[in-house]
Amino acid sequence: MKQSHPYRSQPDEAFWSRAVAENYQANALVKNLFPILRANDTVASAGSCFASNIVKPIEAVGYEYVRTEELPFPLNQLPENLGYRNFSAAYGNIYTARQFRQLLERADGIFRPAENYWLMGEDYVDPFRPGLRYPAKSLGEYEAIQRQHLNSTKEAFTNADVTVFTLGLTEAWESIEDGAVYPTCPGTVSGVFDDQKYRFINFNVSEIVDDMVQAFSIIKSWKSDARFILTVSPVPLVATATNEHVVTATILSKSILRVAASEVSKKISGVKYFPAYEIVTGPQASENSFEDNRRDVTQFAIDTVMKSLISNCELPKDNDEMLIQKVTRTEKTSSSISRELMNAECDEVVLEW
Amino acid sequence: MPPIRSDIWTVEGSDKPRVVAAGHSHILSLLGGLHSSAELKQKPLAVQYSLDRALWPNIGDGYWQNFQNLPSVETVVVCWNGNQHNSQFLLESEPAISVHQDFTSDEKNENLVIPLSMFDELWLADFKVLERAMRIVSSTKKVVLIGTPPPKSENEIRNNLSKDEFFIGLLANAGMKIDDARITSDIFRFVLWKRIQQNLERISRVVGVPFIHVPPEVFDNGVTLKPEFSAPDASHANHLFGQVMWKAALKSIALSE
């Protein structure tokens, strides 16, 4: 007679031989999260790659992606750097939990970094958005833009039913004076590196958990029923500031982030962990998940992740295409009316002579 | 060198002008100024303008090269574009935008704040054409670059456009009435206009020619064009403005008797 034990009652998904060696489906990793998004959810996102990759797929099926710092035509035709337009507000990539927490604290008016700008020649550079293509040229202009950006950031997360956040890195550079964390090491994209002012930090699990719990708590103070999707980026480090090989540094970093994500989802209500990281990097993942440089995630892998996300959402019933068209039409209308009027006036004034 | 497309441009004013104003539509206020001022009529001044509406505003190298065929001309007064703040930004966009204003508080502003350096990039291609044009002219003639008319007040614009069938038609096509048209604020258009003047001054420095600012006497409260200097539309100035600009430009030009 066979002995009874807990594994006997486990489903097939709990067994490698049944769920991976044979019959593997990425969807199986997420189906217990259904519905990841509800039919009428509005979505904001922040973090690194996945948080921007989701935008097109969710909009394509009719979800509203919250945007609070969109540029009107024709300004939206001008180029910008480093993906500052890829997210709900123009914060760009946010790589660490601490950076995210501090962004929200700045938006809430409870943290003001001691070094609030870098003066690079005539340019007032935002240390937390160092790659912005169009810098302010006066302190007054800089503060006006920053104030409005932080207001827009708060508005984005206040208006979203669901915030998607992707944890990217554990390694960062912070201010020695007040612990302000930068998206990139000062002196790389902009700024000047000074080891008397900046130091390296490699966040551990408890620090990341605390930062994410605080961050989500801030958002919940703005919107009490806010929900969250937490993911870990599968993209390896560009470089490590530790003494480790970049591979071991990457695995350590991702492992810490993965454990932290699990802890956060237990500590705070309304958080779902979405296993994009596992879908792309697990032993079961396709050999086509990374490009030849073994760092860039292939479109195939992104599509696999998005398909498993979307297939476990309650899809919106009504399509908001009409709303999008109306906004586009309005943007082009005011600009085109202005231009047509000016062209006509320039023509007509000739005739007066 | 024979005239290049000289049948497309007219040089109007003195028979043997020593100073010619050239550029886009705002030069016609200088033509009006010339005709309406007995004092200016006595001087060897003229305006070169295009009768071919298809050329506005793309007046091309040939227009500037034509001065080589006007041997009496010593100095060209260039008036370039001048409608960038109106074209595309006369009406409020969606979402509405604003710029930092040195003299009012931004605290209550809820519009997206756009750095002025972004407008510099938007206008960059046009200013590169200006620089090219001035270099063409300055190879054979002296050049003076003048400022362009300041923006008009919203009240004046709305008043003028309420009688403009073309504008009313444009709005109707977009499902709007004149009262629905949200014209951008005077301050917003003034800040953009001021940035345009700063760019013009920068380019004049690069080319090595004088830049003549619009004199303060034409301003209302330092922000908008006084109505008495305004043509009956949304953007152009009249002959009185032209007289003011001629006088300002001529101060920097040595016209010996």
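Because the structure is a prediction, the values reported are computed rather than measured.

A. Fine view of the interface of chain B and chain A. Taken residue by residue, the interface counts 47 residues in chain B and 39 residues in chain A. With both chains or domains summed, chain B and chain A bury close to 4100 Å², and 70% of this area falls on carbon and sulfur atoms. Between the two partners, chain B and chain A, sit one salt bridge. The salt bridge partner of Glu121(B) is Arg133(A), with a shortest N-O separation of 3.1 Å. Here chain B is connected to chain A by six residue pairs in polar contact (both at pLDDT 80 or more). The set of elements that each furnish at least two residues to the side of chain B that touches chain A consists of helix H1 (27-36), strand E3 (45-50), strand E6 (112-113), helix H4 (116-138) and helix H6 (165-173) of chain B. Top element by residues in the side of chain B that touches chain A is H4(B). It accounts for six residues. The residue inventory of the side of chain B that touches chain A, partitioned by class, reads 25 nonpolar, 13 polar and nine charged.

B. Looking closely at the sheet that holds strand E2 (residues 64-65) of chain A. All names here are of chain A. Taken in spatial order, the five strands make up an open sheet running E2-E1-E5-E9-E10, and their pairing is parallel. The open sheet has two edge strands with one neighbour each: E2 and strand E10 (271-273). In this sheet, strand E5 (residues 162-167) lies alongside strand E1 (residues 42-47) in parallel orientation, the contact comprising five bridges. Bridge pairing in E5 places Ala44 opposite Thr163. Here helix H7 (residues 246-267) sits on the sheet and contacts E5, strand E9 (227-232) and E10; the angle it forms with E9, its principal contact strand, is near 160 degrees.

C. Inspection of a nonpolar patch on the surface at higher detail. The grouping of Tyr117(A), Leu119(A) and Leu139(A) at the surface amounts to a nonpolar patch, some 240 Å² of accessible area in total. Tracing the backbone through its elements, the reader meets Leu119(A) in strand E3 (residues 118-120).

D. Here's a closer look at the confidence of the model for chain A. Of the residues in chain A, 93% reach a pLDDT of 70 or more, and the chain-wide mean stands at 91. Long-range and interchain partners of residues 325-330 of chain A, a stretch whose pLDDT sits below 50, account for one contact in this model, where long-range means more than four residues apart.

E. Quick peek at the nonpolar core. If you look at the biggest cluster of nonpolar residues, it comprises 77 residues, and the most contacted ones within it are Leu75(A), Trp64(B), Phe119(B), Leu130(B), Ile146(B) and Trp246(B). With ten residues, H4(B) is the single largest residue contributor to this core. In contact with Leu75(A), other than residues within four places in its own chain, are Arg85(A), Phe89(B), Ile97(B), Ile114(B), Met118(B), Phe119(B) and Leu122(B). In this structure, Phe203(A), Ala215(A), Phe228(A) and Ala261(A) belong to the second largest nonpolar core, which totals 74 residues.

F. Quick peek at the packing of aromatic side chains. Residues and elements named next belong to chain B. With the rule as written, the count across this model stands at 23 aromatic pairs over all chains. Between Tyr63 and Trp64, the aromatic rings sit 4.9 Å apart at their centres with planes inclined by 80 degrees, giving edge-to-face as the arrangement. Take Tyr63 and Trp64: they sit in the same class, and that class is buried. Ring centres 6.1 Å apart and planes at 35 degrees place the aromatic pair Trp64 and Trp80 in the tilted group.

G. Quick look at the side chain of Thr166(A). Residues and elements named next belong to chain A. Looking at where Thr166 falls in the secondary structure, it is placed in strand E5. For Thr166, a relative accessible area of 0% gives the class buried. At 3.2 Å, the side chain of Thr166 and the backbone nitrogen of Ala51 are in polar contact. Those residues within four positions of Thr166 in sequence are excluded, and the remaining contacts are Ala46, Gly47, Ser48, Phe50, Ala51, Ile94, Thr231, Val232 and Ser233.

H. Region of interest: helix H9 (residues 299-310) of chain A. Residue and element names in this part refer to chain A. When the terminal C-alpha atoms of H9 are compared, their 16 Å separation across twelve residues agrees well with the 16 Å that a helix rising 1.5 Å per residue should span. Ala301, Ile302, Val305, Met306, Ser308, Leu309 and Ile310 are the residues of H9 that are buried. The secondary structure elements touched by the buried residues of H9 are helix H2 (49-53), helix H3 (55-60) and helix H8 (276-281).

I. Region of the structure containing the sheet that holds E3(B). Residue and element names in this part refer to chain B. In spatial order, the strands read E1-E3-E2-E4-E7-E8; together these six strands make up an open sheet with mixed pairing. The open sheet is flanked by strand E1 (9-13) and strand E8 (211-212), the only strands paired with a single partner. Inspection of the sheet shows strand E4 (residues 75-79) paired to strand E7 (residues 142-146) by four bridges, in the parallel sense. Across the sheet, the residue bridging to Val77 is Val144, located in E7. Against the sheet, H1 engages E1, strand E2 (19-23), E3, E4 and E7, with an angle of about 140 degrees to E3. Strands E2, E3, E4, E7 and E8 of the sheet are contacted by helix H8 (residues 239-250), whose axis makes an angle of about 120 degrees with E3.

J. Highlighting the pattern of salt bridges. Tallied over the entire structure, the rule returns 28 salt bridges over all chains. For the salt bridge of Glu59(A) with Arg67(A), the shortest nitrogen-to-oxygen distance reads 2.6 Å. For Glu59(A), a relative accessible area of 26% translates into the label partly exposed. Judged by relative accessible area, which is 32%, Arg67(A) ranks as partly exposed. Arg182(B) is the partner of Glu94(B) in a salt bridge, and the nearest nitrogen-oxygen pair spans 3.9 Å. Residue Glu94(B) is located in the loop between E4 and strand E5 (97-98), and its partner Arg182(B) is located in the loop between H6 and helix H7 (186-207); the two are separated by 88 residues in the primary sequence. The network of salt bridges with shared partners includes Arg98(A), Arg101(A), Glu105(A), Asp210(A) and Asp211(A).

K. Broad picture of the side chain of Gln146(A). Residue and element names in this part refer to chain A. Counting through the fold element by element, Gln146 comes out in helix H5 (residues 139-159). Note on Gln146: relative accessible area 6%, which makes it buried. Beyond its immediate chain neighbours, meaning those up to four positions away, Gln146 contacts Arg106, Arg112, Asn116 and Asp126.

L. How the structure looks around the packing of helix H4 (residues 97-107) of chain A against H5(A). Residues and elements named next belong to chain A. Relative orientation of the contacting elements H4 and H5 amounts to 110 degrees, with a least axis distance of 8 Å. One way to sum up the angle between H4 and H5 is to call them roughly perpendicular. For the pair formed by H4 and H5, the contact residues are Phe100, Leu103, Leu104, Arg106 and Ala107 on the first element and Gln146, His149, Leu150, Thr153, Lys154 and Phe157 on the second. Residue classes in the contact of H4 with H5 are distributed as six nonpolar, three polar and two charged.

M. Fine view of the pairing of strand E6 (residues 171-175) of chain A. All names here are of chain A. The buried fraction of E6 amounts to four of the five residues, a majority that puts the element mostly inside the structure. Sheet topology note: the E6/strand E8 (residues 198-202) ladder contains five bridges and is antiparallel. Among the inter-strand pairings, Trp173 is bridged to a residue of E8, identified as Phe200. In the sheet, E6 pairs with strand E7 (residues 181-182) via two bridges, with the strands oriented antiparallel. Paired with Trp173 across the strands is Tyr182, a residue of E7.

The rules behind each value
Residues numbered from 1 in each chain as written. Chains lettered and ligands numbered in written order. Predicted model: local features only at pLDDT ≥ 70, side-chain atom pairs only at ≥ 80, totals over all residues. Heavy atoms only, no water. Contact = heavy atoms within 4.5 Å. Buried area = accessible area lost by both parts, 1.4 Å probe. Salt bridge = Lys/Arg side-chain N within 4 Å of Asp/Glu carboxyl O. Polar contact = N/O pair within 3.5 Å; in protein donor to acceptor, adjacent residues only side chain to side chain. Helix = DSSP H or I, 4+ residues; strand = E, 2+ residues; numbered from the N terminus. Nonpolar A, V, L, I, M, F, W, Y, C, P; charged D, E, K, R; others polar. Pairing = 2+ DSSP bridges. Axes fitted to C-alpha atoms, helices over the stretch in contact; angles between N-to-C directions. Patch = residues over 30% accessible without salt bridge, like charges linked within 9 Å, V, L, I, M, F, W, Y side chains within 5 Å. Areas by Shrake-Rupley, 256 points an atom, 1.4 Å probe, with all protein chains shown as cover. pLDDT = per-residue confidence, 0-100. Core = buried A, V, L, I, M, F, W, Y, C linked by side-chain atoms within 4.5 Å. Buried < 20%, exposed > 50% of the residue type's maximum accessible area, 1.4 Å probe, protein only. Phe/Tyr/Trp six-rings, centres within 6.5 Å; stacked < 30°, edge-to-face > 60°. Expected span 1.5 Å × (residues − 1). Parallel < 35°, antiparallel > 145°, perpendicular 65-115°, else oblique.

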